[in-house]
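# Structural overview
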Amino acid sequence: MAADKPGIENNDKLDILKSTQIIIKNALDKLGYSDEVYELLKEPLRIMTVRIPVRMDNGSIKIFTGYRAQHNDAVGPTKGGVRFHPSVTEKEVKALSIWMSLKCGIVDLPYGGGKGGIICDPRDMSFRELENLSRGYVRAVSQIVGPTKDIPAPDVFTNSQIMAWMMDEYSRMDEFNNPGFITGKPLVLGGSHGRESATAKGVTICIYEALKKRNIDIKDAKVVVQGFGNAGSFLAKFMHDAGAKVIGISDAYGALFDPNGLDIDYLLDRRDSFGTVTKLFKNKITNKDLLELDCDILVPAAIENQITEENANKIKAKVIVEAANGPTTLEATKILTDRGILLVPDVLASAGGVTVSYFEWVQNNQGYYWSEEEVEEKLQKVMVKAFNNVYETAQTRKVDMRLAAYMVGVRKMAEASRFRGWI
Ligand SMILES: NC(=O)C1=CN([C@@H]2O[C@H](COP(=O)(O)OP(=O)(O)OC[C@H]3O[C@@H](n4cnc5c(N)ncnc54)[C@H](O)[C@@H]3O)[C@@H](O)[C@H]2O)C=CC1
Ligand SMILES: O=C(O)CCC(=O)C(=O)O
């Protein structure tokens, strides 16, 4: 198929690794780095593919495929979540690990990016099968992970229980209690106050900063949130509590819409641990319709490639803040920016999660735990600084917010790689 844009074929437009590489190249070119730097950073330094045998409840053995990608460890150990989802691919995990490096650079953490994933559908698995899979994954990747090497955390369809099993398995192999191996743990196992809601808190802080730039009052704002899991449900609650009207939410099975505002507390009460709630309702709209609702703030908080050139012109929001990783394509970013919509990109907006994961790791390392207020105060400072840094870069360099975020995020690992003599 003919290319309508240099460097990207039409059928590559949903290829998140390819589009990430294009933006990294642009960011490095703008910053004046050589092609060698791009060659180093365009792919993870390493990726491990593992096959995990799990005894299922019916007595059979099922073999699952998993991955752990480590993008760049020049700055420090790699860090990033583990995703359990049927559509996990090697390419997706690679792109997700690169985004983690960028996030850590943007919020200035002493980490590089990593990411893991297992091809599975935890919604169809029992508690015991999930525990066996989680433990099997840790045994399979144990050689390349660890509290000073690569520190996992939750992502789509993984939670604090799964982190607890993984931590326990690693501690057994290591022969001592090792809470710093993983973050997003339950509080009683060395988790941090505020980690569960951290991604949504970070997104909320970005929303407040973005609204200031557009002179919108949160109390007058209509909000739409795609995804009602960890990121989306807390975000909907924070928006509702701030006085905004949350008129639409969704999960993998459909979307709910009420122009007068949804009863978020009721929906939170009824959602399951996979962020599913719409199954309980007959009157639904589609995820596609949800994104095109008339609103002030749109927060994609589910999966990749939701806003594309197909629907970017139909989006009515004034501000889009990406809680999900990779919800908007390259082409859609251009359309939205040209239309004057303020787009706060994933690598900035969703960095609250990894920031509080870092706080958790620091607390584990020092064995001294902070109050919820301390965590919130520190997160607020980090996110406001990061937002303004990216916003000002976009203004002064006359680039869109995504390219600005990549320029901010890529610099630290490029410099660290250079000082180490790698490039
Ligand atoms: N949990 C965290 O700390 C962080 C999460 N993120 C990103 O936020 C996004 C959501 O993650 P979580 O809330 O943690 O996951 P989650 O597993 O708690 O919730 C996922 C939500 O997305 C919905 N969903 C799944 N497949 C879908 C589909 N095909 N179409 C529409 N909706 C679908 C689910 O029904 C659920 O409501 C992901 O992109 C993740 O990478 C980013 C930073 C940190
Ligand atoms: O909390 C972490 O370490 C990583 C969170 C994550 O996977 C993400 O930001 O996409």
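Residues numbered from 1 in each chain as written. Chains lettered and ligands numbered in written order. Predicted model: local features only at pLDDT ≥ 70, side-chain atom pairs only at ≥ 80, totals over all residues. Heavy atoms only, no water.

Per an unreviewed UniProt entry, the chain goes by Glutamate dehydrogenase and derives from Schinkia azotoformans LMG 9581. The record in UniProt for the chain states the following under Sequence similarities (unreviewed entry): "Belongs to the Glu/Leu/Phe/Val dehydrogenases family." (UniProt positions renumbered as here; feature names shortened; annotations may be inferred.)

## Side note on the site of ligand 1
Lining the immediate environment of ligand 1, one finds 25 residues, of which Asp155, Phe157, Asn230, Gly275 and Asn325 sit closest. Contact between ligand 1 and Phe157: an oxygen atom at 2.7 Å from a main-chain N or O atom of the residue. Asn325 is positioned such that a nitrogen or oxygen atom in its side chain is 2.7 Å from an oxygen atom of ligand 1. Its free accessible area being 820 Å², ligand 1 has 92% of it covered by the protein chains. Those elements that place two or more of their residues in the shell around ligand 1 are strand S6 (82-85) and helix H7 (230-241). (Near = heavy atom within 4 Å. Polar contact = N/O pair within 3.5 Å; in protein donor to acceptor, adjacent residues only side chain to side chain. Areas by Shrake-Rupley, 256 points an atom, 1.4 Å probe, with all protein chains shown as cover. Helix = DSSP H or I, 4+ residues; strand = E, 2+ residues; numbered from the N terminus.)

## Some remarks on helix H6 (residues 198-213)
An ideal rise of 1.5 Å per residue puts 22 Å on 16 residues; H6 measures up with 23 Å between its terminal C-alpha atoms. Burial runs high along H6: 12 of the 16 residues are buried. Every buried residue of H6 is listed here: Ala198, Thr199, Ala200, Gly202, Val203, Thr204, Ile205, Cys206, Ile207, Glu209, Ala210 and Leu211. Just downstream of H6, Asn215 is the residue with a positive phi angle, here 50 degrees. (Expected span 1.5 Å × (residues − 1). Buried < 20%, exposed > 50% of the residue type's maximum accessible area, 1.4 Å probe, protein only.)

## Remarks on the nonpolar core
Within the largest apolar cluster, 91 residues are counted, with the highest numbers of intra-cluster contacts made by Ile207, Val225, Ile249, Val299, Leu348 and Val410. It is helix H14 (residues 401-419) that provides the largest number of residues to this core, a total of 10 residues. The residue makeup of this core includes at least three contributed by each of domain 1 (43-179) and domain 2 (198-349 + 400-406). Grouped together as the second largest cluster of nonpolar side chains are 27 residues, Ile52, Phe64, Phe157 and Ile162 included. (Core = buried A, V, L, I, M, F, W, Y, C linked by side-chain atoms within 4.5 Å. Domains from an automatic or database assignment.)

## Digging into a nonpolar patch on the surface
A cluster of nonpolar side chains, namely Leu45, Trp422 and Ile423, defines an oily patch on the protein surface of about 240 Å² accessible area. Tracing the chain through its elements places Leu45 in the loop between helix H2 (35-41) and strand S3 (46-55). (Patch = residues over 30% accessible without salt bridge, like charges linked within 9 Å, V, L, I, M, F, W, Y side chains within 5 Å. Salt bridge = Lys/Arg side-chain N within 4 Å of Asp/Glu carboxyl O.)

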